[in-house]
Amino acid sequence: MAMSAGPAEADAPMSDINTTPLVDVMLVLLIIFLITVPVVIQTVPVKLPKVVYEPTTSKPENVVLSIRGGPGGSCEVYWGQTRVKPQDLLDRSVAKLKAEIDKQGGPTAPGLELPEVHIRADVDTPWRCVGGAMTNVARAGFARVGFISQPEPGAYHAER
């Protein structure tokens, strides 16, 4: 609120801008945002993993799946170069895991190393296609499923 004190130029118009309403509105908005922002942003505290580029070391016993979205929203899953349907993927996964365990001396063999599944998915592939393939290989018993990606050039980070 602008006030003039004293008899100096009583007839002159007041040229000071009254900023009190603006300050009042800003303070009210500040209080509203200070209260609502913590309510709106509710997250559970988690420690996210550090992303580190590690070159893929593929073993011959590992399974490589290629996945892409097909025409009409269908999913195309390839075991190596062979296209497989969901039930066929499950059957092949069970057979592959059983054969690898038998080759190493059975499930109680010391130092048993199970093969991994490496998934290469097209960038435009719907998640349900990737998730379905992951579910099938997990149901078969594969414990490690990894994704193969193409990192940006020069994106190597040696931090751990």
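Each remark here, short or long, concerns the structure printed above.
Q: Looking at this model, I keep getting lost on the overall build of the protein chain. Mind explaining?
A: When helices and strands are counted, the protein chain shows three helices and five strands. Starting at the N terminus and ending at the C terminus, the protein chain contains elements arranged as α-β-β-β-α-β-α-β. Counting across all 160 residues of the protein chain, residues that qualify as buried make up 21%. Of the contacts formed within the protein chain by residues at least 6 apart in sequence, a portion of 61% connects residues at least 24 apart.

Q: Just to check I follow, could you spell out the state of the cysteines for this structure?
A: One covalent bond between the sulfur atoms of two cysteine residues makes up a disulfide. The final tally for this structure, using the stated rule, is one disulfide. Linked covalently through their sulfurs, C75 and C129 form a disulfide whose S-S length is 1.9 Å. Taking the sign of the S-S torsion, about -70° here, the bridge from C75 to C129 comes out left-handed. Residue C75 is found in strand β2 (residues 75–79), and its partner C129 is found in helix α3 (residues 127–140); the two are separated by 54 residues along the sequence. The exposure class assigned to C75 is partly exposed, which follows from its relative accessible area of 28%.

Q: Before we go on, may I ask you to explain the pattern of salt bridges in this structure?
A: Opposite charge on two side chains lets them pair, provided their charged atoms get close. As enumerated under the stated definition, the model contains seven salt bridges in all. With a shortest N-O distance of 3.6 Å, D88 and R92 are connected by a salt bridge. With D88 and R92 both in helix α2 (residues 86–103), this residue pair falls four residues apart, about one helical turn. Given a relative accessible area of 30%, D88 falls into the partly exposed group. By relative accessible area, which is 29% here, R92 ends up partly exposed. Here E100 makes a salt bridge to K103, at a shortest N to O gap of 3.9 Å. Of the two residues, E100 and K103 are both situated in helix α2; the distance of three residues between them amounts to about one turn of the helix. Look at E100 and you get buried, because its relative accessible area is 7%. A single salt-bridge network, built from bridges that share partners, covers R68, E76 and R83.

Q: Could you clarify how one ought to interpret the side chain of H118 in this entry?
A: Within the secondary structure layout, H118 lies in strand β4 (residues 117–121). A relative accessible area of 7% means that H118 is categorised as buried. For H118, the side chain forms a polar contact with the side chain of E116, separated by 2.9 Å.

Q: Please clarify how the nonpolar core should be interpreted in this entry.
A: Most often, soluble globular proteins have nonpolar side chains that are buried together. Counting residues in hydrophobic clusters, the biggest one holds 18 residues, and the most contacted among them are L65, I67, L89, V117 and F142. Every element with two or more residues in this core is listed here: β1 (63–69), β2, α2, β4 and α3. Ranked by residue count, the leading element in this core is α3, at five residues. Aside from chain neighbours lying at most four places away, what touches I67 is E76, V77, I119, R120, A121, D122, T125, C129, V130 and A133.

Q: Please explain the pairing of β4 as it appears in this structure.
A: Regular strands place their side chains on alternate faces of the sheet. Of the strand pairs in this sheet, β1 and β4 are connected by five bridges, and their pairing is parallel. The partner of S66 across the bridge, within β4, is R120.

The rules behind each value
- Residues numbered from 1 in each chain as written.
- Predicted model: local features only at pLDDT ≥ 70, side-chain atom pairs only at ≥ 80, totals over all residues.
- Heavy atoms only, no water.
- Helix = DSSP H or I, 4+ residues; strand = E, 2+ residues; numbered from the N terminus.
- Buried < 20%, exposed > 50% of the residue type's maximum accessible area, 1.4 Å probe, protein only.
- Contact = heavy atoms within 4.5 Å.
- Disulfide = S-S within 2.5 Å.
- Salt bridge = Lys/Arg side-chain N within 4 Å of Asp/Glu carboxyl O.
- Polar contact = N/O pair within 3.5 Å; in protein donor to acceptor, adjacent residues only side chain to side chain.
- Core = buried A, V, L, I, M, F, W, Y, C linked by side-chain atoms within 4.5 Å.
- Pairing = 2+ DSSP bridges.

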